[in-house]
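Understanding the architecture of this molecule
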Amino acid sequence: MSMDGEMLIAVPAAVLGAAGFGLATAAQQRATHEVETTGTLNPRLITTLLRRPMWLLGLLATIVALVLQLVALAFGAIAVVQPLLVTGVVFAAAFSSLMSRRRPDPLILLGALLCAAGVAAFLLLARPLPSEEEHIDMWAGMPLAIGLAAVVVACLLFSSTVQHQSRVLALALATGILYGVTAGLMKVLTGQLRIGLLEPFQHVTLYAVCIVGPIGFLLSQNTFQQGRLVSPAVAVITSVDPVVAVLIGVFWLGERLDSSPALLAGQCLAAVVVIAGIAFITVRGTHLLHELDAEHAAAGRTRPDVAPG
């Protein structure tokens, strides 16, 4: 199949996958606020949520979105697919507002687009060149593995000791890292599946995905449950995910990056745009929360656990 033909499959699959992730996020966040709060990484949360129709809708949307992501990664470069998947934060904000019977906030959507643009620019400038053979080099990737594990542990410790809302962003950062590792490993799986349906069972990649993926998913549910706003957390998750996936490609899969000073400066600028987008969403979301709380206080109603945006 030609490059144009592959893009005709990869791009729509990535966009539909982003919409699926957005719907899943909005539905799961709403459902997690309808059940008792559990400790971080407590599997009991999942068993409780299995009885919630809204959460099951989110689970179905997640499965469909993952299949679409696999299709997109099989036919398109990660530098094309992942930026499109980042638009899931826009879909999440829109679906969350619709479920709350409110119009999506245009400034929240603008911040989400800033995040997507920043990540897209970063990946296009990085433009990793694939290695001749996609396999995991465990020894070469050990420093990155240790570093990512340390950040995840630090985020979990921070979230367990701090009561400030920033703890939710720490959980989102840990989730994004685990999702990024999963995405990088899934890219390897797609290559193995092209060889044969039984090929993945002969490599460690599949079993690593079966461990890291579910842990990341459970942590994402903790993130949604412990935060009233969906957009800031999703912005962090969807921005960190592709960046970590690129690092996985470089340090674990032997991909190469163009490290010229001009491109490095551009990548730093793109990272600043992403951080600015997340900060903008967080500040705007906090403002909307205060407005919503004031509105409910004036009406004599209880403060809602879930806020749109």
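Residues numbered from 1 in each chain as written. Predicted model: local features only at pLDDT ≥ 70, side-chain atom pairs only at ≥ 80, totals over all residues. Heavy atoms only, no water.

1. What to know about the overall build of the chain
Counting secondary structure elements, the chain contains 11 helices and 0 strands. The order of helices and strands in the chain, counted from the N terminus, is α-α-α-α-α-α-α-α-α-α-α. Counting over 309 residues, the chain shows a buried share of 50%. Sequence-distant contacts in the chain: of pairs separated by 6 or more residues, those separated by 24 or more amount to 82%. Per element, the accessible surface of the chain, about 14,600 Å² overall, is 72% carbon and sulfur. (Helix = DSSP H or I, 4+ residues; strand = E, 2+ residues; numbered from the N terminus. Buried < 20%, exposed > 50% of the residue type's maximum accessible area, 1.4 Å probe, protein only. Contact = heavy atoms within 4.5 Å. Areas by Shrake-Rupley, 256 points an atom, 1.4 Å probe, with all protein chains shown as cover.)

2. Brief notes about the pattern of salt bridges
Counted by the stated rule, this structure contains 2 salt bridges. The partner of D105 in a salt bridge is R284, with the nearest N and O atoms 2.7 Å apart. Separated by 179 residues along the polypeptide, D105 in the loop between α5 (88-99) and α6 (106-126) and R284 in helix α11 (residues 261-298) bring together distant segments of the chain. (Salt bridge = Lys/Arg side-chain N within 4 Å of Asp/Glu carboxyl O.)

3. What about the nonpolar core?
Judged by nonpolar contacts, the single largest core of 49 residues is most densely connected at L148, V181, V244, I248 and W252. Those elements giving two or more residues to this core turn out to be α5, α6, α7 (142-161), α8 (166-195), α9 (204-226), α10 (231-251) and α11. The element best represented in this core is α8, accounting for 11 residues. Non-local contacts of L148, meaning those with residues more than four positions away in its chain, are made with I177, V181, V244 and I248. Residues A31, W55, F217 and L218 belong to the second largest nonpolar core, which totals 8 residues. (Core = buried A, V, L, I, M, F, W, Y, C linked by side-chain atoms within 4.5 Å.)

4. Quick word on unusual backbone geometry
One non-glycine residue, L41, adopts positive backbone phi at about 65°. If you trace the backbone, L41 turns up in the loop between α1 (3-32) and α2 (44-49).

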